[in-house]
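Survey of secondary and tertiary structure
Given next are the chains, with one letter for each unit.
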Amino acid sequence: MRRVFGVMSVVVVGFFGMGPLTLRANEKGTPKGPDEDGTKPALTKIAGEGMMNSHAYQFLTELSDDIGSRVTGSPAERKAEEWGAAKMKAIGLENVHTEKYTIWKGWTRGSAEAELLAPVRHKLHVDAMGWTGSTPVGGAEGDVVSVNLFDMDNEIKNIAKLKGKVVLVTMKGKPNKEFIALFAQFGDFLKAAGPAGAVAVIGGQGGGKSAGMNLTHTGILGFNADFAVPVVSMTAEDQGQLERYLARGLTVRARFNVQNSFTNGPVESANVVGEIRGRENPEQILVVGGHLDSWDLAQGTTDNGSGTATVLGAAEAIAHSGQRPRRTIRFVLFTGEEQGLDGSFAYIKQHKAEMANHLGDLVLDAGQGAVKGFQMGGRDDLIAAFQPFADSLSNIKKLKVDDKVESGTDTLPFSMAGLPGINMDQDTTDYQFTHHSAADALEAQKPDVLTQNSTLMALAAYWIADRPERFAEPWPVERTAKMLVAQHQDAELKAFGLWPKEFAEAEKKDEAPK
């Protein structure tokens, strides 16, 4: 998942009271890479295992073909948890277990059918967005009317006009507020559209068009958000036709039959965890992760089966190399990411007592493309420390290092905890098409790219965990809040209720007259 988010702000409230910690990485001197810090011999062995003996693509094939789509809280997702734990044990990881938590409610996709009735008649290609509702059994029809995402204030004010209508969300003119505020307000609009009597909402892409030829893209529409009104993604070809008819002033009428179901209450999910224990400082932990859950229009290969296979391949390369790092590497297959980073927020809450000893987390979750760099999750103080390691990989490829926060995946909770949520930045040229779509299948992933990505993850994880000096310690809350503001993450977090009170108090303290 990228740019689709999750709530549970209560999770981060509580352990942010940690005071300033001690010396950060490389404040003692010139940063050292593998050639200088003694890690290169082990990394060389790991690279050999990763490139020559990898089973990452085999893992991905099993997950894609034998389990397939894995919606959080579903029987398929539970089967994937069991599969992930079995793979970790077979690889030889220690302390393999699942860590259970609950999400607010479960959802099951049913059917989604649509037909254009006028001015011509033909089938429309649609799929329901996640955690959205249904039409009456047998369907309903109505005239299609457009609403403007860029003017949500007036659209909500005039919500009564949508009774009996099919709503087509568009983007017209210039936005009257920041996009993230509009996206949050779009949720308010959807909450109001159901009681107002809207038949359905064509708005899965928030007024934009689906990428790719004849593709829809599902997903959730907020942090742990559900809506009674049926909301669908429509192919760009069909949506474009509707827009052209409306622009000509024609009456457009359509029929929708969308049937989905919700559970009556919370459902259980679980993160899958396994470790390579550190030989000297096992209490210090680097988390290496991807998310095991997926959407359900295809096999969930690139989002995030590729990440899952990368994590397992990295674990295998390290374990089978015979090398044991100074510190613990904890491999985590998060679930609930697609509903709102629920698994990684749950991890932070469940491991609150250990967080001061965490080094950060390392995640791959941008599809099937080759890794092109590492993003330090807001920790600008770590760029100089990490650069020599990145440079040491130049024989494999040139990799960029920056301090960007990636808020659309399981790095965000760690960045909010003041730790480096390290995102493995990837080429996303093809991911725009497979993302949450019917094209998200095994054929989209090139085996050689997966093998290289998995090896890069193994090398980065081992180097961070094994280097003589500790790589990172958590920043205090004040510095973390300032970083998130500087990274322009605060508007998004505030819009969705994720800005903890500790951050708000730090802002007030910073703004107070000196």
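Reading the values: rules and limits
For every chain, the first residue of the written sequence is number 1, and numbering continues from 1 onward in sequence order. Predicted model: local features are reported for residues with pLDDT of at least 70 only, side-chain atom pairs are reported and counted for 80 or more only, and whole-chain, interface and lining totals are derived from all residues. Each side-chain value is derived from all of the structure's non-hydrogen atoms; neither hydrogens nor water enter the calculation. Only runs of H or I of at least four residues qualify as helices and only runs of E of at least two qualify as strands under DSSP, and these elements are numbered from the N terminus. Using C-alpha atoms as the atom set, the radius of gyration is obtained and then compared with a globule rule of 2.2 Å times the number of residues to the power 0.38. When accessible area is computed with a 1.4 Å probe and restricted to protein chains, residues below 20% of their type maximum are described as buried, those above 50% as exposed, and intermediate ones as partly exposed. We call two residues contacting when some pair of their heavy atoms lies within 4.5 Å. Surface accessibility follows the Shrake-Rupley procedure with a 1.4 Å probe radius. Residue values consider only the protein chains on display as shielding. Among buried residues, those of type Ala, Val, Leu, Ile, Met, Phe, Trp, Tyr and Cys that are joined through side-chain atoms within 4.5 Å constitute a nonpolar core. Think of it this way: DSSP has to see at least two bridges between two strands before they count as a pair. A pair of aromatic rings is counted whenever rings of Phe, Tyr or Trp (Trp by its six-membered ring) have centres within 6.5 Å, and the orientation is called stacked for planes under 30 degrees apart, edge-to-face for over 60 and tilted otherwise. We call a charge positioned above a ring when the Lys NZ or Arg CZ atom is no farther than 6 Å from the ring centre and deviates by at most 35 degrees from the ring normal. As a per-residue measure, pLDDT reflects the predictor's confidence and takes values from 0 up to 100. Only one rule defines a salt bridge in this text: a Lys or Arg side-chain nitrogen within 4 Å of an Asp or Glu carboxyl oxygen.

Looking only at helices and strands, the protein chain has 17 helices and 16 strands in total. Compactness check: the protein chain gives a C-alpha radius of gyration of 23 Å against a globular reference of 24 Å for 514 residues, within 12% of the reference. With the C-alpha coordinates aligned to their principal axes, the bounding extent of the protein chain is approximately 70 × 60 × 40 Å. Here the protein chain holds 514 residues, and the buried ones make up 60% of them. Across the protein chain, every contact between residues at least 6 apart in sequence was considered, and the portion connecting residues at least 24 apart equals 85%. Entry remark: accessible area of the protein chain is about 19,100 Å², with carbon and sulfur atoms responsible for 52%.

Here we take up the nonpolar core. The biggest cluster of nonpolar side chains holds 60 residues, and the ones touching the most others in it are Ile 318, Phe 331, Leu 362, Phe 374, Phe 386 and Phe 471. Ranked by residue count, the leading element in this core is helix α14 (residues 447–466), at eleven residues. Sequence-distant contacts of Phe 386, that is, excluding residues within four places in its chain, are made with Phe 374, Met 376, Val 401, Ala 460, Trp 463, Ile 464 and Phe 471. Counting residues in each nonpolar core, the second largest holds 22 residues, with Met 152, Leu 162, Val 169 and Phe 189 among its members.

Here we take up the pairing of strand β9 (residues 253–262). Of the strand pairs in this sheet, strand β2 (residues 107–118) and β9 are connected by nine bridges, and their pairing is antiparallel. Bridge pairing links Glu 113 to Asn 257 in β9. Taken together, the four bridges between strand β5 (residues 140–148) and β9 define a ladder with antiparallel strand orientation. Looking at β9, one finds that Ala 140 is bridged to Phe 256.

A separate point is the packing of aromatic side chains. This structure, assessed with the given rule, holds 16 aromatic pairs. A ring pair is formed by Trp 107 and Trp 131, whose centres lie 5.5 Å apart and whose planes are at 25°; its orientation type is stacked. Remark: Trp 131 occurs in the loop between β4 (126–128) and β5 and Trp 107 occurs in strand β2; sequence separation between them is 24 residues. Take Trp 131: its relative accessible area is 0%, and that puts it in the buried class. On the basis of an interplanar angle of 65° and a centroid distance of 6.5 Å, the ring pair of Phe 374 and Phe 389 is categorised as edge-to-face. With Phe 374 in strand β14 (residues 371–375) and Phe 389 in helix α11 (residues 383–392), this pair connects stretches of sequence that are 15 residues apart. Grouping residues by exposure puts Phe 374 and Phe 389 together as buried. Through a chain of ring-to-ring contacts, three or more aromatic side chains come together here, namely Phe 374, Phe 386, Phe 389, Trp 463 and Phe 471. Taking NZ or CZ as reference, Lys 494 lies 5.1 Å from the ring centre of Trp 499, over its face.

Chain-level pLDDT for the protein chain is 94 on average; 94% of the residues reach the 70-or-more range. Per-element averaging of pLDDT across the protein chain places helix α17 (residues 501–511) at the bottom with 88 and strand β12 (residues 327–334) at the top with 99. Here residues 3–27 scores under 50 on pLDDT; set against residues more than four positions off or in separate chains, the count is 83 contacts.

Glancing now at the pattern of salt bridges. What the rule picks out here adds up to 27 salt bridges. Here Glu 115 makes a salt bridge to Arg 121, at a shortest N to O gap of 2.8 Å. Classification of Glu 115 by relative accessible area gives partly exposed; the value is 25%. Overall, the relative accessible area of 60% leaves Arg 121 in the exposed class. A salt bridge links Asp 466 to Arg 326, with the shortest nitrogen-to-oxygen separation between them at 3.7 Å. Placement of Asp 466 in helix α14 and of Arg 326 in the loop between α8 (301–321) and β12 is noted, with a sequence separation of 140 residues between them. What you see here is one network of salt bridges that share partners, running through Arg 78, Glu 81, Lys 100 and Glu 268.

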